[in-house]
Amino acid sequence: MRPAHICLAVLVTAVWGVNFVVIEVGLDHFPPLLFSALRFLVAALPAVFFVGRPKVAWKWVLGVGLVLGVAKFGLLFIGMDAGMPAGLSSLVLQIQAVFTALFAFVALGERPGRIRALGMLIALAGIAVAAVDEGETGPLTAFALLIGAAACWGVSNVLTRKASPPDALNFMVWVSTVPVLPLLALSLLWEGPSRDLAALRSLDWSGAGIIVYVAWITTVFGFGAWGCLLRRYPASTVAPFSLLVPVFGMSGAALVLGESVSGTRWCAAALLVGGVALTSFAKGGGVSRNGTPVATGSPVPSPAAEGAAPRPRTTASRTPSTASRPSSPR
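Residues numbered from 1 in each chain as written. Predicted model: local features only at pLDDT ≥ 70, side-chain atom pairs only at ≥ 80, totals over all residues. Heavy atoms only, no water.

**Considerations on the packing of helix 5 (residues 96-108) against helix 7 (residues 140-163)**
Here is step 1 of the chain: Interhelical geometry of helix 5 versus helix 7 gives an angle of 50° and a closest axis separation of 8 Å. With respect to their mutual orientation, helix 5 and helix 7 come out oblique. Read as a crossing pair, helix 5 and helix 7 show a hand that is right-handed. Taking contact as the criterion, the partners of Gln96, Phe99, Thr100, Phe103, Ala104, Ala107 and Leu108 in helix 5 are, on helix 7, Ile147, Ala150, Ala151, Trp153, Gly154, Val155, Asn157, Val158, Arg161 and Lys162. (Axes fitted to C-alpha atoms, helices over the stretch in contact; angles between N-to-C directions. Helix = DSSP H or I, 4+ residues; strand = E, 2+ residues; numbered from the N terminus. Parallel < 35°, antiparallel > 145°, perpendicular 65-115°, else oblique. Left-handed = near helix turned anticlockwise from the far one by under 90°. Contact = heavy atoms within 4.5 Å.)

**Focus: the packing of helix 1 (residues 3-26) against helix 11 (residues 205-232)**
Here is step 1 of the chain: Between helix 1 and helix 11, the least distance of the axes is 9 Å, while the angle of their chain directions is 155°. Considering the angle they form, helix 1 stands roughly antiparallel to helix 11. Of the two elements, helix 1 crosses helix 11, and the hand of that crossing is left-handed.
Here is step 2 of the chain: Along the lines of polarity and charge, the residues of the contact of helix 1 with helix 11 split into 19 nonpolar, six polar and one charged. (Nonpolar A, V, L, I, M, F, W, Y, C, P; charged D, E, K, R; others polar.)

**Re the packing of aromatic side chains**
Here is step 1 of the chain: Scanning the entire structure with this criterion turns up six aromatic pairs.
Here is step 2 of the chain: Residues Phe73 and Phe77 carry aromatic rings whose centres are separated by 6.2 Å and whose planes lie at 75° to one another, so their mutual orientation is edge-to-face. Pair noted here: Phe73 and Phe77 are both in helix 3 (residues 58-81), with a separation of four residues, about one helical turn.
Here is step 3 of the chain: Ring centres of Phe99 and Phe103 lie 5.9 Å apart, and the angle between their planes is 20°; this geometry places the pair in the stacked category. One end of the pair is Phe99 and the other is Phe103, both in helix 5 and four residues apart, which spans about a single turn.
Here is step 4 of the chain: Phe99 gets classed as buried once you look at its relative accessible area, which sits at 19%.
Here is step 5 of the chain: Judged by its relative accessible area of 26%, Phe103 falls in the partly exposed class. (Phe/Tyr/Trp six-rings, centres within 6.5 Å; stacked < 30°, edge-to-face > 60°. Buried < 20%, exposed > 50% of the residue type's maximum accessible area, 1.4 Å probe, protein only.)

**Observations regarding unusual backbone geometry**
Here is step 1 of the chain: Of the consecutive residues Leu45 and Pro46, the connecting peptide bond is found in the cis state with omega at 5°.
Here is step 2 of the chain: Examined against the element boundaries, Pro46 turns out to sit in the loop between helix 2 (32-44) and helix 3.
Here is step 3 of the chain: One non-glycine residue, Ser164, adopts positive backbone phi at about 45°.
Here is step 4 of the chain: Within the element layout of this structure, Ser164 appears in the loop between helix 7 and helix 8 (168-177).
Here is step 5 of the chain: Owing to a relative accessible area of 19%, Ser164 belongs among the buried residues under this scheme.

**Focus: the confidence of the model for the protein**
Here is step 1 of the chain: Confidence in the prediction of the protein, expressed as mean pLDDT, is 81, and 82% of residues score 70 or more.
Here is step 2 of the chain: Put simply, strand 3 (residues 293-294) is where the protein has its lowest mean pLDDT, 42, and helix 9 (residues 180-190) is where it has its highest, 96.
Here is step 3 of the chain: Contacts of residues 284-329 to residues separated by more than four positions or lying in other chains number 210 contacts, the stretch itself having pLDDT below 50. (pLDDT = per-residue confidence, 0-100.)

**A word on empty space enclosed by the protein**
Here is step 1 of the chain: Size it by volume and the second largest cavity reaches roughly 40 Å³.
Here is step 2 of the chain: In terms of lining, the second largest cavity is formed by Gly87, Leu88, Met250, Glu259, Ser260, Val261 and Arg265. (1 Å grid on protein atoms, 1.4 Å probe; cavity = no way out; pocket = protein on both sides within 12 Å on 5 of 7 lines; lining within 4 Å. Points joined across faces, edges and corners; volume = space filled by probe spheres on them.)

**As for the nonpolar core**
When a protein is soluble and globular, its nonpolar side chains tend to lie buried together.
Here is step 1 of the chain: Phe35, Leu76, Leu93 and Ile95 are the most contacted members of the largest nonpolar core, which has 81 residues in total.
Here is step 2 of the chain: Excluding residues that lie within four positions of it along the chain, Ile95 makes contacts with Ala123, Leu124, Ile127, Ile147, Ala150 and Leu272. (Core = buried A, V, L, I, M, F, W, Y, C linked by side-chain atoms within 4.5 Å.)

**A few points about a nonpolar patch on the surface**
Here is step 1 of the chain: A contiguous nonpolar patch, built from Leu11, Val212, Trp216, Ile217, Val220 and Phe221 and spanning about 450 Å² of accessible area, is present on the exposed surface.
Here is step 2 of the chain: Considering every element that reaches the nonpolar patch, the biggest residue donor is helix 11, with five residues.
Here is step 3 of the chain: Among the structural elements, Val212 can be located in helix 11. (Patch = residues over 30% accessible without salt bridge, like charges linked within 9 Å, V, L, I, M, F, W, Y side chains within 5 Å. Areas by Shrake-Rupley, 256 points an atom, 1.4 Å probe, with all protein chains shown as cover. Salt bridge = Lys/Arg side-chain N within 4 Å of Asp/Glu carboxyl O.)

**Some thoughts on the side chain of Glu259**
Here is step 1 of the chain: Relative to the elements of secondary structure, Glu259 occurs in the loop between helix 13 (245-257) and helix 14 (263-281).
Here is step 2 of the chain: In this structure the side chain of Glu259 is engaged in a polar contact, spanning 3.1 Å, whose partner is the backbone nitrogen of Gly87.
Here is step 3 of the chain: Residues in contact with Glu259, not counting those within four places in the same chain, are Pro85, Ala86, Gly87, Leu88, Ala253 and Ala254. (Polar contact = N/O pair within 3.5 Å; in protein donor to acceptor, adjacent residues only side chain to side chain.)

**Remarks on the environment of Ala215**
Here is step 1 of the chain: Relative to the helices and strands, Ala215 is located in helix 11.
Here is step 2 of the chain: When its relative accessible area of 0% is taken as the criterion, Ala215 is described as buried.
Here is step 3 of the chain: For Ala215, the residues in contact, after removing those within four places along its chain, are Arg39, Val42, Ala43 and Val220.

**Observations regarding the environment of Gly17**
Here is step 1 of the chain: Considering the arrangement of structural elements, one finds Gly17 in helix 1.
Here is step 2 of the chain: Taking relative accessible area as the criterion, Gly17 reaches 0% and is therefore assigned buried.
Here is step 3 of the chain: Along the sequence, Gly17 and Ser90 sit 73 residues apart, while their C-alpha atoms lie 6.7 Å from each other.

**Things to note about the environment of Lys55**
Here is step 1 of the chain: Its location among the elements puts Lys55 in the loop between helix 2 and helix 3.
Here is step 2 of the chain: Judged by its relative accessible area of 44%, Lys55 is partly exposed.
Here is step 3 of the chain: Contacts of Lys55, omitting those with residues within four sequence positions, involve Pro166, Asp167 and Asn170.

And the structure:
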C-alpha cells in the first residue's frame, strides 16, 4: 500500500476505536436507545437522497437493518450504559468474527478449517479471561449484553453476505434508515417519553457534536474511506488493519476516560485479537457440508467499529468471518 493509504487505513481504525469513547460520553447526554436512533437518523439523512435506490432486494435491507441496527446496536448501547467499559467493549465485539464463522457454517454450510477452528478456540479463551476480569470489577450482565451484540453482528454479516450488495455505501445508508423508527418506539416504551424529551430539550453543542461524530465521521467517512481502500487493494491487505480498533479503543478509553487496563485484560486482549486474526485471515482449509472446498481468505470487518456492513468482495478473497462478497463499531 502507498504510505498515504496506510495512513488512511490507520486513521479509519482510530476513528472507529475512539468511537467507543465518544459513545461512552454520549450516554451521559442521551438514553441508549434514543442515542442509537439519533445516530442512524443522522447517518441516513440527508445521504439517502443522494445515493440512489437500494441495489439489493428490500428483504436484505430490512433484515440487516433490524439485526444490525436495532439488535446489535441496541444491545451495545444498553450494555455500555449498564456499565460495560468503552475499552473492553471495543475488544469484546471482535468476537463477532467467531460468531460469523459459526453462523456461516449453520446457514451456508461453510465448515471452518483446522487453523480457523483453532483461532475460534483461542478467541473464546480470550472472552473467558475477559469475563473473569469483568466479573471482578464490573457487572456481568453488561458483559453478556455485549456478547449478544457481537452475536447479532455475526448474523448481520451472514445476511450481508447473502445480499452481496454491489455498492456498500448505498447499502449502508439504506440500512441506516431501517432502525430509526423501531429504536424510537423501543425508547419510548423502555426509557419513557419524559426521559427522551428531557434529553432532546437539553441538547447542546456537545451532544450535537457527539451525534455528528458517531453518524457522519465513523459511519459515512469511515465506511466510505474503507470501501475506497478495498477498491484499490485486496481484502487481505486492508482487513488486518481492523485489528487496530480495540488497540485504539482501549488506549483512548484509558487516556480520555481514565479506564484502567489490568494485566488480565491485556492477556484477554492478546488471546482475543490473536484468535480473531487466525479465524479471519487463515487461508484455505474450509469445506462445505457436501465436501466441496470453500475458498477462504481475509475478510473485511464491518465497521465496528461502526456498524457498517462489509464491502462486497469476491468469495475467493473473503472468509465467512465478516461476510465475504459480502466489519459499526461500533
